[in-house]
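Commentary on secondary and tertiary structure
Here are the chains, one letter per residue:
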Amino acid sequence: MPESTPRLRETLDRLPAYVAGRPPTAAPGLTPYKLSSNENPYPPLPGVLEAIGTAAAAVNRYPDPASSLLVDALAERHDLPRDHLALGTGSVGLLQQAVQISAGPGDEVLYAWRSFEAYPIMTIISGATPVQVPLRADETHDLDAMADAITERTRLVFVCTPNNPTGTVVRQDDLDRFLGRVPDDVLVIVDEAYVEFVRDPAAVRGIETYRHRPNVAVLRTFSKAYGLAGLRVGFAVAHPRVAQALRQTQVPFGVSSVAQAAAIASLGAETALLERVDILVGERTRVEAALAGQGWRLPPSQANFVWLRLGDRIAEFVAACAAVNLAVRPYGDDGVRITIGETEANDRVLEVCARFAPSGTS
Ligand SMILES: *Cc1c(COP(=O)(O)O)cnc(C)c1O
């Protein structure tokens with residue numbers, strides 16, 4: 001038989017793999033903690049679990065493809081017209097759609113680097129060209145360099161704030177100045193996956209920004225602060241033409257009835273959920289202070305993770321974490337991202353970090 005295989009798109013050869021956070025290894029005697037995917041350590045609230053159970057009983061039916069009740073709840077919660085909303089299978093689903101609606105072969109998609117690893121993947125799948133602008137030395141977006149990098153081919157810009165994996169935010173005044181330099185016909189997506197963890201008053205407020213900027217859209221998710229990563233639901237806030245295009249490119253019935261019900265219940269239980277976010281922010285503050293005490297100089301994190309530039313000690317650090325049942329997330333030769341988790345998990349992280357501290361304290 002002749003060796004043959006269907007001819008697929010060449011762009012697939014340039015596709016980087018999405019590296020999912022690994023589960024912890026199971027050394028005996030120590031509770032394992034997964035601090036590699038920025039998940040919420042709290043299980044769903046009882047009311048949310050109940051909504052999931054009720055919806056689960058009817059999964060022989062297709063979900064409402066328009067997610068109407070969830071759209072209603074989000075429109076009310078954020079004071080938005082319904083036609084300014086689009087739902088997706090996590091905000092990753094929506095960011096893929098954002099590339100699909102704006103950029104194809106010959107077009108450029110611009111973003112900071114390092115940033116969220118889904119940006120290059122979705123860009124390359126679409127056949128467009130990724131343009132990556134290095135972060136500044138303080139790990140923040142270099143918006144001046146990004147504005148300089150805009151060309152006639154630029155069709156989409158991602159601004160990730162807080163930035164994954166560095167935790168740094170873009171300041172509102174810097175974003176406003178940047179947007180002043182972006183042509184009106186270039187779509188700018190502000191990815192706010194971690195916005196609920198932000199406490200810096202100077203940080204970007206995406207939904208306020210989009211209200212008077214027709215080329216700006218915002219991505220939000222139920223995966224992080226709301227603790228529904230396993231159910232895959234996120235939303236975009238955008239002006240009607242863009243929101244409609246995002247709805248048009250959605251996988252039909254992609255957002256399950258279970259996800260819709262859980263998201264609605266979570267909005268109803270927001271006060272309790274945001275109290276948990278406060279606790280995680282408190283843990284972040286505690287971890288950052290302890291790391292500073294060990295001699296680490298870190299970019300201030302406004303998300304549910306911290307970022308350690310470890311250079312050539314990355315593999316050694318990851319192994320030291322694995323040896324005590326902690327899964328963390330390494331990034332090439334750059335650094336390691338560690339999710340803020342349970343208090344005991346964070347304490348164990350600090351013990352490992354002390355051994356690697358720049359000041360040599362241990
Ligand atoms: C986690 C994350 C998302 C969203 O994830 P979903 O689970 O697909 O909603 C989006 N952007 C960034 C930067 C993230 O870190």
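Report on the accompanying structure.

What counts and how
Residues numbered from 1 in each chain as written. Predicted model: local features only at pLDDT ≥ 70, side-chain atom pairs only at ≥ 80, totals over all residues. Heavy atoms only, no water. Pairing = 2+ DSSP bridges. Helix = DSSP H or I, 4+ residues; strand = E, 2+ residues; numbered from the N terminus. Axes fitted to C-alpha atoms, helices over the stretch in contact; angles between N-to-C directions. Contact = heavy atoms within 4.5 Å. Buried < 20%, exposed > 50% of the residue type's maximum accessible area, 1.4 Å probe, protein only. Polar contact = N/O pair within 3.5 Å; in protein donor to acceptor, adjacent residues only side chain to side chain. Near = heavy atom within 4 Å. Areas by Shrake-Rupley, 256 points an atom, 1.4 Å probe, with all protein chains shown as cover. Core = buried A, V, L, I, M, F, W, Y, C linked by side-chain atoms within 4.5 Å. Expected span 1.5 Å × (residues − 1).

Glancing now at the sheet that holds strand β12 (residues 335-339). Strand order in the open sheet formed by three strands is β9-β12-β11, and the pairing between neighbours is antiparallel. The sheet is open, and its two borders are formed by β9 (305-309) and β11 (329-331), each paired with just one other strand. Averaged over neighbouring strand pairs, the angle between their axes works out to 20 degrees when direction is ignored. Pairing of β9 with β12, which is carried by five bridges, proceeds in the antiparallel orientation. Along β12, the bridge assignment pairs Leu 308 with Val 336. Here helix α11 (residues 314-323) sits on the sheet in contact with β9, β11 and β12, set at roughly 30 degrees to β12.

Mapped onto the secondary structure, Asn 346 falls in helix α12 (residues 343-356). Accessibility expressed as a relative area gives 2% for Asn 346, which makes it buried. Polar contacts involving the side chain of Asn 346 include one to the side chain of Glu 283, which spans 2.6 Å. Asn 346 has contacts with Glu 283, Arg 286, Val 287, Thr 339, Ile 340 and Gly 341, leaving out every residue within four places of it along the chain.

Moving on, we come to the site of the ligand. The environment of the ligand is made up of 13 residues, and the closest members are Ser 91, Tyr 194, Thr 221, Ser 223 and Lys 224. Side-chain polar atom of Asn 164 to an oxygen atom of the ligand: 2.8 Å apart, as the coordinates give it. At 3.3 Å, a side-chain N or O of Lys 224 approaches an oxygen atom of the ligand. Protein chains bury 94% of the 380 Å² of accessible surface belonging to the ligand in isolation. Broken down by element, the shell around the ligand gets its largest block of residues, three residues, from helix α3 (residues 90-102).

Formed by 86 residues in total, the largest nonpolar core has its most connected members in Phe 178, Phe 222, Phe 317 and Ile 338. Per element, the largest residue contribution to this core is seven residues, and it comes from helix α9 (residues 257-268). In contact with Phe 317, other than residues within four places in its own chain, are Leu 308, Leu 310, Val 328, Val 336, Ile 338, Val 352, Cys 353 and Phe 356. Leu 94, Ala 98, Phe 116 and Leu 187 belong to the second largest nonpolar core, which has 26 residues in total.

The next point concerns helix α10 (residues 270-293). Its 24 residues place the ends of α10 34 Å apart at the C-alpha level, agreeing with the 34 Å of an ideal helix rising 1.5 Å per residue. Of the positions making up α10, those classed as buried are Glu 270, Leu 273, Arg 276, Val 277, Leu 280, Val 281, Glu 283, Arg 284, Val 287 and Leu 291. Elements in contact with the buried residues of α10: α2 (68-78), α9, β9 and α12. Just downstream of α10 lies Gly 295, where phi reads positive at about 105 degrees.

As a further point, take the sheet that holds strand β8 (residues 234-237). In a beta sheet, neighbouring strands are held together by backbone hydrogen bonds and run either parallel or antiparallel to one another. In spatial order, the strands read β2-β8-β7-β6-β5-β3-β4; together these seven strands make up an open sheet with mixed pairing. A single partner strand is all that each edge strand has here, and the edge strands are β2 (85-88) and β4 (129-134). Adjacent strand axes in the sheet meet at a mean angle of 25 degrees when their direction is disregarded. Sheet topology note: the β2/β8 ladder contains four bridges and is antiparallel. Residue pairing across strands places Leu 85 opposite Val 237, the latter belonging to β8. Packed onto the sheet, α2 meets β2, β7 (216-221) and β8 and runs at close to 130 degrees relative to β2. Relative to the sheet, helix α6 (residues 172-181) contacts β5 (154-160), β6 (187-191) and β7, its axis offset from that of β5 by approximately 180 degrees.

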